[in-house]
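Here is how the chains run, residue by residue.
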Amino acid sequence: MTKRDAIFPAGRQALYEINRYSAAIRSGDLLFVSGQVGSREDGSPEPVFERQVELAFDNLAAVLKAAGCTFDDIVDVTTFHTDPAVQWPAIDAVRLKVLGEPPYTNWTAVGVNWLAGFDFEIKVIARLPQSG
C-alpha cells in the first residue's frame, strides 16, 4: 500500500498536526480536500458569520494552491451549515464571487447541528492540473 500524499497550506500545518488530519490528500489525478472552516490564524472560529464563510473559502484557496490547484479545478463541493435557511444568502454571495462562472460545479448542502464551534464548513474534490 502506498503512503498517503498529504498536502498542507503554508503556515497552517501545526493546526492539522494538533487535530491529526491532513488538509488534503492527493490520489491519482484527484485532490480530496478536508472540510475547511472559517478559522482565524490561531484556529479559533471567526464569530461574524459572513466573515467565517469568507475565511473558509480563503482557507480552501490556500489548500488548493498548496496542491497547484485553483477554484477552477473543483469538481465536487459539499457544504455543511448549522442553520441553512438563514445562512444561505451569505453563503451564496461568497459562492457566486468564487465559483459563479459556468460550467458550475456540482454542490451538495447539508444541514447539521454541530461543527466544532463553527457554523459553516466546505469540503471539495478537485482535479489536479496536468503537469508537464
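Per an unreviewed UniProt entry, the protein goes by the name RidA family protein and belongs to Mesorhizobium calcicola.

Enquirer: Even after reading the chapter, I still don't get the environment of I25, so can you show me in this structure?
Expert: Within the fold, I25 resides in strand β2 (residues 24–27). Judged by its relative accessible area of 21%, I25 is partly exposed.

Enquirer: Just to check I follow, could you spell out the side chain of S39 for this structure?
Expert: Along the chain, the position of S39 falls in the loop between β3 (30–37) and α2 (49–66). Side-chain polar atoms of S39 contact the side chain of N59, separated by 3.5 Å.

Enquirer: Would you explain the packing of aromatic side chains in this entry?
Expert: Two aromatic rings, taken as a pair, are described by how far apart their centres are and by the angle between their planes. Overall, the coordinates contain 3 aromatic pairs when judged by the stated rule. On the numbers, 6.3 Å between centres and 45° between planes, the contact of F57 with F71 is tilted. Placement of the pair is F57 in helix α2 and F71 in the loop between α2 and β4 (74–81), with a sequence separation of 14 residues. Measuring from centroid to centroid gives 6.1 Å for F57 and F120, while their planes differ by 20°, and the two rings are stacked. Here F57 is found in helix α2, whereas its partner F120 is found in strand β6 (residues 120–127), with 63 residues between them in sequence. Its relative accessible area of 2% is what places F57 among the buried residues. Residue classification places F120 among the buried residues on the basis of a relative accessible area of 0%. Through successive ring pairs, a cluster of aromatic residues spans F57, F71 and F120. R95 extends its terminal NZ or CZ atom over the ring of W107, reaching a point 5.3 Å from the ring centre.

Enquirer: Before we go on, may I ask you to explain the packing of α2 against helix α3 (residues 84–99) in this structure?
Expert: To characterise two packed helices, one gives the angle between the axes of the helices and the distance between these axes. With their axes 10 Å apart at the nearest point, α2 and α3 run at an angle of 35° to one another. Handedness of the α2/α3 crossing: right-handed. Contacts from F49, E50, V53, E54 and F57 in α2 reach Q87, A90, I91, V94, R95, K97, V98 and L99 in α3. For the contact of α2 with α3, the per-class residue count stands at 8 nonpolar, 1 polar and 4 charged.

Criteria and thresholds
Residues numbered from 1 in each chain as written. Predicted model: local features only at pLDDT ≥ 70, side-chain atom pairs only at ≥ 80, totals over all residues. Heavy atoms only, no water. Helix = DSSP H or I, 4+ residues; strand = E, 2+ residues; numbered from the N terminus. Buried < 20%, exposed > 50% of the residue type's maximum accessible area, 1.4 Å probe, protein only. Polar contact = N/O pair within 3.5 Å; in protein donor to acceptor, adjacent residues only side chain to side chain. Phe/Tyr/Trp six-rings, centres within 6.5 Å; stacked < 30°, edge-to-face > 60°. Lys NZ or Arg CZ within 6 Å of the ring centre and 35° of its normal. Axes fitted to C-alpha atoms, helices over the stretch in contact; angles between N-to-C directions. Left-handed = near helix turned anticlockwise from the far one by under 90°. Contact = heavy atoms within 4.5 Å. Nonpolar A, V, L, I, M, F, W, Y, C, P; charged D, E, K, R; others polar.

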